[in-house]
Amino acid sequence: MPGFTIALRLSFNSVAAMVVIAALTLPTKSLASSNAPTIAALDSRIVETLIAMELPPVAFTYPGSQYYLSNSSLSGSTNLGLASQPNLELLNQFSPQQILISPYLTQISAQLSSIAKVVSLTPYGSETSTGRWRQLTSFTRKLGKHIGDERASERLIHETKHRFQSLHDRIPRDQPPLLIISFIDHRHARVFGNNSMFQGALEQLELTNAWQGQNNHLGFTTASIDALIDIDARLIILESPYANSPVHEQFFAEGIWGYMRSLQRGDEIYLPATFSHFGALPSALVFSEALVEALEAQMGL
């Protein structure tokens, strides 16, 4: 691997710090202690946004991994287990006024409705023509409305936009298109396109996404190395939160991916698993901060 490779390796403490950045500030109050209704959040996008609004829920579910949700910011909340299998008996003990879920949990909405009012929210709707950034901000506003604190949601949107402007001003000029991928196996990768969270972030940073192919409503598609090998772009490789070793140690042993143009010239960046690939504004911000830091390091700034 050429010497120009930029690999971001964060310690446990720095990972926690990045998540705190995503929350903008540490929570100083909770929904239980405010005038807002008591909330249980069963979706990671809702959870991370509530944390960033300084209103962590009284109960929550993890997305299957604790890789980017800060334990400190949820210290006053109760973990209900995995999002796919929340502990309904424990949830019932809280007698929440609202249960916020994603559309993926509609199969248990009847059970949840017997506990409290259920509201379904997602920043990843089927209306792809509206643009991902607009969907992310709309999701934030809807969340603020449902919890009765629209000021908190507008404050989060304003602060996030301000942070993005600061990041934009730090980016070295004349950046090439970026190809954002996460490896699946030695011949396939998940590629993030124009409907992804990353696209929304890149637009705010005025950077170009090299992938112009089709993608699903979450903004990705699975592509083989044959479809990617001739794309001339800077490669952004997302580390997996589930991996036991760095991605370059897992997928380059057989040498197949090494034939990509960007890898041959050492023009790749590895980003750590400190954000959700399908997150809301906080994850988009943490991704962007990690990306800009890597670009600055690559230019020796």
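Use the structure listed above.
Residues numbered from 1 in each chain as written. Predicted model: local features only at pLDDT ≥ 70, side-chain atom pairs only at ≥ 80, totals over all residues. Heavy atoms only, no water.

## A word on the overall build of the protein
Inference 1: The helix and strand tally for the protein stands at eleven helices and eleven strands.
Inference 2: Among the 301 residues that make up the protein, the fraction classed as buried is 52%.
Inference 3: Long-range contacts, defined as pairs at least 24 residues apart, comprise 67% of the intrachain contacts of the protein with a sequence gap of at least 6.
Inference 4: A total of about 13,500 Å² of accessible surface is found on the protein, and carbon and sulfur atoms cover 48% of it. (Helix = DSSP H or I, 4+ residues; strand = E, 2+ residues; numbered from the N terminus. Buried < 20%, exposed > 50% of the residue type's maximum accessible area, 1.4 Å probe, protein only. Contact = heavy atoms within 4.5 Å. Areas by Shrake-Rupley, 256 points an atom, 1.4 Å probe, with all protein chains shown as cover.)

## Some thoughts on the pattern of salt bridges
Oppositely charged side chains may form a pair once their charged atoms are brought near each other.
Inference 1: Under the definition given, this model contains eight salt bridges.
Inference 2: Asp 43 is paired through a salt bridge with Arg 45; the nearest N and O atoms lie 3.1 Å apart.
Inference 3: Residue classification places Arg 45 among the buried residues on the basis of a relative accessible area of 6%.
Inference 4: For Glu 289, the salt bridge is made with Arg 163, and the minimal N-O distance between the two is 2.7 Å. With Glu 289 in helix H11 (residues 281-298) and Arg 163 in helix H6 (residues 150-170), this residue pair connects regions lying 126 residues apart in the sequence. (Salt bridge = Lys/Arg side-chain N within 4 Å of Asp/Glu carboxyl O.)

## Examining the side chain of Gln 175
Inference 1: Among the secondary structure elements, Gln 175 is positioned in the loop between H6 and strand S7 (178-183).
Inference 2: Within polar-contact distance, the side chain of Gln 175 engages the side chain of Arg 234 at 2.5 Å. (Polar contact = N/O pair within 3.5 Å; in protein donor to acceptor, adjacent residues only side chain to side chain.)

## With respect to the sheet that holds strand S6 (residues 117-120)
Inference 1: Pairing in this open sheet of five strands is parallel, and the strands run S4-S3-S2-S5-S6 from one edge to the other. Of all strands in the sheet, those bounded by a partner on one side alone are strand S4 (78-82) and S6. The sheet shows a mean angle of 20° between the axes of neighbouring strands, taken without regard to direction.
Inference 2: Sheet analysis places strand S3 (residues 59-62) next to S4, joined by three bridges and oriented parallel. Paired with Ala 59 across the strands is Thr 78, a residue of S4. (Pairing = 2+ DSSP bridges. Axes fitted to C-alpha atoms, helices over the stretch in contact; angles between N-to-C directions.)

## Observations regarding the packing of H6 against helix H7 (residues 197-205)
Inference 1: Contact geometry of H6 with H7 gives a least axis separation of 8 Å together with a crossing angle of 65°. Judged by residue contacts, Phe 164, Leu 167 and His 168 of H6 engage Ala 201, Gln 204 and Leu 205 from H7.
Inference 2: Taken together, the residues of the contact of H6 with H7 break down into four nonpolar, two polar and no charged. (Nonpolar A, V, L, I, M, F, W, Y, C, P; charged D, E, K, R; others polar.)

## Concerning the nonpolar core
Inference 1: Formed by 34 residues in total, the largest nonpolar core has its most connected members in Leu 271, Phe 287 and Leu 291.
Inference 2: Looking at which element gives the most residues to this core, the answer is H11, with ten residues.
Inference 3: Counting 21 residues, the second largest nonpolar core, distinct from the first, contains Ile 39, Leu 121, Leu 143 and Ile 147. (Core = buried A, V, L, I, M, F, W, Y, C linked by side-chain atoms within 4.5 Å.)

## Quick look at the packing of aromatic side chains
Inference 1: Using the criterion set out here, one finds nine aromatic pairs in the structure.
Inference 2: Their ring planes at 80° and their centres at 5.2 Å tell us that Trp 133 and Phe 164 sit as a pair that is edge-to-face. Separated by 31 residues along the polypeptide, Trp 133 in helix H5 (residues 132-146) and Phe 164 in helix H6 bring together distant segments of the chain.
Inference 3: Ring centres of Phe 192 and Phe 198 lie 4.8 Å apart, and the angle between their planes is 70°; on these two criteria the pair is classed as edge-to-face. As far as burial versus exposure is concerned, Phe 192 and Phe 198 are alike and both buried.
Inference 4: Every member of this aromatic cluster is reached through a ring pair, and the members are Phe 192, Phe 198, Phe 220, Phe 275, Phe 278 and Phe 287.
Inference 5: Across from the ring centre of Phe 220, 4.1 Å away, lies the NZ or CZ of Arg 190, which sits over that ring. (Phe/Tyr/Trp six-rings, centres within 6.5 Å; stacked < 30°, edge-to-face > 60°. Lys NZ or Arg CZ within 6 Å of the ring centre and 35° of its normal.)

Just geometry here; none of it tells us what the structure is for.
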